[in-house]
Amino acid sequence: PASAWAKEKGKIITAGDFFPEYSFPMTLSRGDVEYLGLPTKFLGFVKGDTFSLKDIRADIIVLEYMNKYCFSCQLQAPVMNQVFETVGKDPQLRGKVKFLAIGVGNNQTEVDSFKAEKKVSFPMIPDAKFQAYEAIGDPGATPFTLIIRKTDSGLVVARAKIGLTKAPGVFI
């Protein structure tokens, strides 16, 4: 179901908008949970069946909506991998910027296969029923990249781009 935000606005999320309250199913590996800095219980067991972007320990979140069967997404994967590596090597950005991909219309098997084929090293979760996609207004295409900044008043979209980004420099 589309979020109240998407229904109320009747539009696709864009720069300046607040990211809606949304809970993603917890399908992440222990390593991905650690990378994102999500809350854990004793001995590192994950706390809860869901998480939201506000739970991610970062100032900026790069949220990539993609689909395993989307040709532009396949082309963009190496670009996003380069951006992820560049951020990981930069001491100024490393702890402040985190990446998360959402496999729109993809199940866990499809997400795992995309990650393996495209050597995606950042977390990626399935969105088989398009719920996370509809929560932002159903942009109608992938890839759809959001750069989200955490502020005291909530998660604010700093940049929204639909379609292929060919050069990593655009993000950095």
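Here the structure is a predicted model, which is why all the values come from computation and not from measurement. (Residues numbered from 1 in each chain as written. Predicted model: local features only at pLDDT ≥ 70, side-chain atom pairs only at ≥ 80, totals over all residues. Heavy atoms only, no water.)

Now for the packing of aromatic side chains. On inspection of all chains with the given rule, the structure shows 8 aromatic pairs. Aromatic pair Phe84 and Phe122: ring centres 5.4 Å apart, planes at 55°, arrangement tilted. One end of the pair, Phe84, is in helix 3 (residues 71-89); the other, Phe122, is in the loop between helix 4 (108-118) and strand 5 (124-127), with 38 residues separating them in the sequence. Taking relative accessible area as the criterion, Phe122 reaches 3% and is therefore assigned buried. Pairwise contacts between aromatic rings join Tyr35, Phe84, Phe99 and Phe122 into one cluster. The side chain of Lys98 reaches across the aromatic face of Tyr35, ending 4.6 Å from its centre. (Phe/Tyr/Trp six-rings, centres within 6.5 Å; stacked < 30°, edge-to-face > 60°. Helix = DSSP H or I, 4+ residues; strand = E, 2+ residues; numbered from the N terminus. Buried < 20%, exposed > 50% of the residue type's maximum accessible area, 1.4 Å probe, protein only. Lys NZ or Arg CZ within 6 Å of the ring centre and 35° of its normal.)

Scanning all chains against the criterion turns up 5 salt bridges. A salt bridge links Asp17 to Lys11, with the shortest nitrogen-to-oxygen separation between them at 3.1 Å. Residues Glu34 and Arg30 are paired through a salt bridge, measuring 3.8 Å at the closest nitrogen-oxygen approach. Taken as a pair, Glu34 and Arg30 lie in helix 2 (residues 30-36) at a separation of 4 residues, close to a single helical turn. When its relative accessible area of 48% is taken as the criterion, Arg30 is described as partly exposed. (Salt bridge = Lys/Arg side-chain N within 4 Å of Asp/Glu carboxyl O.)

For the rest of this paragraph, the subject is the layout of surface pockets. In this structure, the largest pocket occupies an estimated 190 Å³ of space. Taken together, 13 residues form the lining of the largest pocket, with Ile60, Val62, Val97, Ile147 and Phe171 sitting closest to its centre. Per element, the largest residue contribution to the lining of the largest pocket is 3 residues, and it comes from strand 6 (residues 144-151). When its residues are assigned to classes, the lining of the largest pocket shows 12 nonpolar, no polar and 1 charged. A volume near 160 Å³ is recorded for the second largest pocket. What lines the second largest pocket is simply Phe18, Phe19, Pro20, Glu21, Tyr22, Ser52, Leu53, Lys54, Lys150, Thr151, Gly154 and Leu155. (1 Å grid on protein atoms, 1.4 Å probe; cavity = no way out; pocket = protein on both sides within 12 Å on 5 of 7 lines; lining within 4 Å. Points joined across faces, edges and corners; volume = space filled by probe spheres on them. Nonpolar A, V, L, I, M, F, W, Y, C, P; charged D, E, K, R; others polar.)

Take the nonpolar core next. Of all hydrophobic cores here, the largest spans 28 residues; its most connected members are Phe19, Leu53, Tyr65 and Leu146. Elements with a contribution of two residues or more to this core: helix 2, strand 3 (60-66), strand 4 (97-104), helix 5 (131-134), strand 6 and strand 7 (154-162). Contact partners of Leu146, with chain neighbours within four places excluded, come to Ile13, Phe19, Ile61, Val62, Leu63, Tyr65, Ile136, Val157, Arg159 and Ala160. Core analysis: the second largest hydrophobic core is formed by 20 residues, Met66, Cys70, Cys73 and Met124 among them. (Core = buried A, V, L, I, M, F, W, Y, C linked by side-chain atoms within 4.5 Å. Contact = heavy atoms within 4.5 Å.)

Okay, helix 4 next. Of all the residues in helix 4, the buried ones are Glu110, Val111, Phe114 and Lys115. Buried residues of helix 4, viewed axially, fall in a sector of 135°; they line one side. Turned more than 90 degrees away from the buried face of helix 4 sit Thr109 and Ala116, all of them exposed. Packed against the buried residues of helix 4 are helix 2, strand 3, helix 3, strand 4 and strand 5. (Arc of directions from axis to C-beta.)

Turning our attention to the confidence of the model for the protein. Confidence in the prediction for the protein averages 90 pLDDT; 89% of positions are at 70 or higher. Per-residue pLDDT, averaged within each element of the protein, yields its smallest value for helix 1 (residues 4-9) (48) and its largest for strand 4 (98). Below a pLDDT of 50 lies the segment residues 1-7, which in the model reaches 21 contacts outside its immediate sequence neighbourhood of four places, other chains included. (pLDDT = per-residue confidence, 0-100.)

Read across the open sheet, the 5 strands follow the order 5-4-3-6-7; overall the sheet is mixed. Only two strands of the sheet have a single neighbouring strand rather than two, namely strand 5 and strand 7. Across this sheet, the average inter-strand angle for adjacent strands is 25°, counted without regard to direction. Here helix 3 sits on the sheet in contact with strand 3, strand 4 and strand 6, set at roughly 160° to strand 4. Helix-sheet contacts for helix 4 involve strand 3, strand 4 and strand 5, and the interaxial angle to strand 5 is about 145°. (Pairing = 2+ DSSP bridges. Axes fitted to C-alpha atoms, helices over the stretch in contact; angles between N-to-C directions.)

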